[in-house]
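Understanding the architecture of this molecule
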Amino acid sequence: MTTPRIAPSLLAADFANLQRDCELVNESDADWFHLDVMDGVFVPNISFGMPVIKAIAQHATKTLDVHLMIVDPDRYIQHFADLGAHNLTVHYEACTHLHRTLQAIKAAGMKAGVALNPHTPIAQLSDIIKDVDLVCLMSVNPGFGGQSFIENTYEKVKALKTLINENKASTLIEIDGGVTSKNAEALVAAGADVLVAGSFVFKSKDPKHTIAQLKELVQS
Ligand code: DX5
Ligand code: ZN
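An account of the accompanying structure is given in this report. One numbering rule holds for all chains: residues counted from 1, following each sequence as written. Each chain gets a letter, beginning with A, and each ligand a number, beginning with 1, in the order they are written. This being a predicted model, a pLDDT of at least 70 is required before a residue's local features are given, and a value of 80 or more before pairs of side-chain atoms are given or counted; all residues contribute to the totals for chains, interfaces and linings. With hydrogens and water excluded, all non-hydrogen atoms of the structure serve as input to the side-chain values.

Any N, O or S atom lying within 2.8 Å of the metal counts as a donor, and for Na, K and Ca the limit rises to 3.2 Å; water is left out, so some sites can look incomplete. Looking at the zinc ion (ligand 2), the protein donor atoms are His34 (NE2), Asp36 (OD), His67 (ND1) and Asp176 (OD), and they sit 2.0 to 2.3 Å from it. Every angle between 85 and 135 degrees makes a four-donor site tetrahedral, while opposite donors more than 155 degrees apart, with all other angles between 65 and 115, make a four-donor site square planar and a six-donor site octahedral; other sites are irregular. One way to put it: the 6 donor atoms around the zinc ion (ligand 2) meet at angles of 70 to 170°, and that makes the site octahedral. Positions of the donor residues of the zinc ion (ligand 2) along the chain correspond to the pattern H-x1-D-x30-H-x108-D. Taken together, the positions of aspartate 36 in strand 2 (residues 32-38) and histidine 67 in strand 3 (residues 63-69) put the pair 31 residues apart, joining distant regions of the chain. Secondary structure is summarised from DSSP: a helix means a run of H or I of at least four residues, a strand means a run of E of at least two, and numbering begins at the N terminus for each.

Okay, here's the thing in C-alpha cells:
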C-alpha cells in the first residue's frame, strides 16, 4: 500500500492558538495544511477567509491545501494565489464553467482541485479528469467538522480510481470528512492518496501522535 499524505484540517484547531497549532502541524508527520473556506451560502456555515489564511501562511511550512466551499469561486482565484495557496479546490456543484475555472487556477500557478458532494456521481468528471490535479471526495456533507463518515465513499474511491487509470491521469484522490483510524486503512486500500482529518487529530489528547499513528496505520 502506498503511504498517503495526511492533511490536518485547521477547522478543528484552536483559533485562539493558531500559531501553536500551525507549529504542531509543521513538527508532525503531516504533509499538508487543509484550510476550509465557507461562505454561508454554498454551505450553511461561515469559517474563515483571507486574513486568517494570510496569518496561517506566515507560520505554515507545508503545502497549503485550500478547500473553497463558496459560490462563484472564480472571483477569488488570484487572491488565494497571492496568499500562498498551493492547491485550490473548488466544488463541482458551485462551478458552471468548471473547465474554465480549473484553467484559471493553473494559470495562477496552483494545483487545481475539484470537490464532489456525497450525492454527486464520479461520472460527472469523466470528460475533465485529465485536467484535474486533485479530486476531493466529500465523505460528509460539507459545512461542518466532526460529522460521521458516509460509508458509500469507499465505492466512490474505487470508481474514481478506475476513471483515473482508464484516462492515464495523475490525479490525486483526497478524502474529506469523518476520517479516523477506523476507516483510514480501507480508504487507502481503495485508492485514496490524501486523507484530511480535522476532529480526529485536533480533538485528540496528542495531535502529533495521532497524525503519526494515522500515517503508520496505513503504511503497514
Ligand atoms: C467539512 C470540511 C472538512 C472538515 C473535516 O466541510 O471540508 O475539511 O474540516 O473535519 P472532520 O475531520 O472533523 O470531519
Ligand atoms: Zn475540507
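When two rings of Phe, Tyr or Trp (its six-membered ring) have centres within 6.5 Å they constitute a pair, described as stacked for plane angles under 30 degrees, edge-to-face for angles over 60, and tilted for the intermediate range. Enumeration over the complete set of coordinates arrives at 2 aromatic pairs. Centre to centre, the rings of phenylalanine 15 and phenylalanine 48 are 5.9 Å apart; their planes meet at 85°, and the pair counts as edge-to-face. With phenylalanine 15 in the loop between strand 1 (5-8) and helix 1 (18-27) and phenylalanine 48 in the loop between strand 2 and helix 2 (50-59), the pair connects residues that are 33 residues apart, well separated along the chain. For every residue, the accessible area obtained with a 1.4 Å probe (protein chains only) is divided by the maximum for its type, and the residue is called buried under 20%, exposed over 50%, and partly exposed between those limits. The class for phenylalanine 48 is buried, based on a relative accessible area of 8%. A ring pair is formed by phenylalanine 149 and tyrosine 154, whose centres lie 5.4 Å apart and whose planes are at 55°; its orientation type is tilted. Owing to a relative accessible area of 12%, phenylalanine 149 belongs among the buried residues under this scheme. Overall, the relative accessible area of 17% leaves tyrosine 154 in the buried class.

For each residue, the test is whether any non-hydrogen atom lies within 4 Å of the molecule or strand; if one does, the residue is near. The full set close to ligand 1 counts 20 residues, and Asp36, Gly143, Asp176, Gly198 and Ser199 are the nearest of them. Any N or O atom pair separated by 3.5 Å or less is treated as a polar contact, with the protein-specific requirement of one donor-capable and one acceptor-capable atom, and with residues adjacent in sequence counted only for side-chain atom pairs. A distance of 3.3 Å is found between an oxygen atom of ligand 1 and a side-chain nitrogen or oxygen belonging to histidine 34. One of the side-chain N or O atoms of aspartate 36 is found 2.8 Å from an oxygen atom in ligand 1. Here ligand 1 occupies the largest pocket. Of all the secondary-structure elements, those providing two or more residues to the shell around ligand 1 are strand 2, strand 3 and strand 8 (194-197). The element best represented in the shell around ligand 1 is strand 2, accounting for 3 residues. Ten residue types, Ala, Val, Leu, Ile, Met, Phe, Trp, Tyr, Cys and Pro, are classed as nonpolar, four, Asp, Glu, Lys and Arg, as charged, and the remainder, Gly among them, as polar. For the shell around ligand 1, the residue count by class is 8 nonpolar, 10 polar and 2 charged. Cavity means a closed set of points on a 1 Å grid over the protein atoms alone, one where a 1.4 Å probe fits but cannot get out, pocket means an open set with protein on both sides within 12 Å along at least 5 of 7 lines, and lining means a residue has an atom within 4 Å of a point. Throughout, a molecule is located in a cavity or pocket provided that more than half of its atoms lie within 2 Å of its grid points.

This paragraph deals with the pairing of strand 5 (residues 111-116). Of all 6 residues making up strand 5, 5 are buried, and the element is well covered by its neighbours. Regarding the hand of the β-α-β motif, the stretch spanning strand 4 (residues 87-91), helix 4 (residues 98-107) and strand 5 is right-handed. Any two strands are treated as partners once DSSP identifies two or more bridges connecting them. Bridge count between strand 5 and strand 6 (residues 134-138): 4 bridges; the pairing is parallel. Within strand 6, the residue paired with glycine 113 across the bridge is leucine 134. Whether a crossover is right-handed depends on one test, that the path from the first strand over the helix to the second runs clockwise when the strands point away from the viewer.

Gaps left between atoms are located by rolling a probe of water-molecule size over the structure's atoms. By volume, the largest pocket amounts to about 320 Å³. Looking at the largest pocket, it is lined by 27 residues, and the ones nearest its centre are Phe144, Gly145, Gly146, Gly177 and Gly178. Contributions of two or more residues to the lining of the largest pocket are made by strand 2, strand 3, strand 8 and helix 7 (199-202). Of all the elements, strand 2 adds the most residues to the lining of the largest pocket, at 3 residues. Grid points are joined across faces, edges and corners, and a volume is the space filled by probe spheres set on the points.

The working definition used for a salt bridge is a side-chain nitrogen of Lys or Arg within 4 Å of a carboxyl oxygen of Asp or Glu. With the rule as written, the count across this model stands at 6 salt bridges. Among the charged side chains, a network of salt bridges with common partners joins Asp14, Arg20 and Asp21.

A general feature of soluble globular proteins is that nonpolar side chains tend to end up buried together. The set of buried Ala, Val, Leu, Ile, Met, Phe, Trp, Tyr and Cys residues whose side-chain atoms join them within 4.5 Å is what this entry labels a nonpolar core. Counting 63 residues, the largest nonpolar core has Leu10 and Ile175 as the members making the most contacts within it. Ranked by residue count, the leading element in this core is helix 5 (residues 153-166), at 5 residues. Residue contacts follow a heavy-atom distance rule, with two residues in contact if any of their heavy atoms lie within 4.5 Å. Look past the residues within four positions of leucine 10 in its chain and what remains in contact with it is Phe15, Leu18, Cys22, Val25, Phe33, His34, Leu35, Ile56 and Phe202.

Now for the packing of helix 1 against helix 2. Axes here refer to lines fitted to C-alpha atoms; in helices the fit is confined to the stretch in contact. Angles between the N-to-C directions go from 0 to 180 degrees. Close contact between helix 1 and helix 2 brings their axes to 9 Å; oriented N to C, the two are set at 45°. Classed by the angle they form, the pair helix 1 and helix 2 counts as oblique. Of the two possible hands of crossing, helix 1 and helix 2 adopt the one that is right-handed. Contacts between helix 1 and helix 2 involve Leu18, Gln19, Cys22, Glu23 and Asn26 from the former and Val52, Ile56 and His59 from the latter. Residues belonging to the contact of helix 1 with helix 2 are distributed by class as follows: 4 nonpolar, 3 polar and 1 charged. Any angle from 65 to 115 degrees is called roughly perpendicular, while one under 35 is roughly parallel, one over 145 is roughly antiparallel, and all others are oblique. If you view the pair so one helix is near and one far, a crossing is left-handed when the near helix is turned anticlockwise from the far one by less than a right angle, and right-handed when it is turned clockwise.

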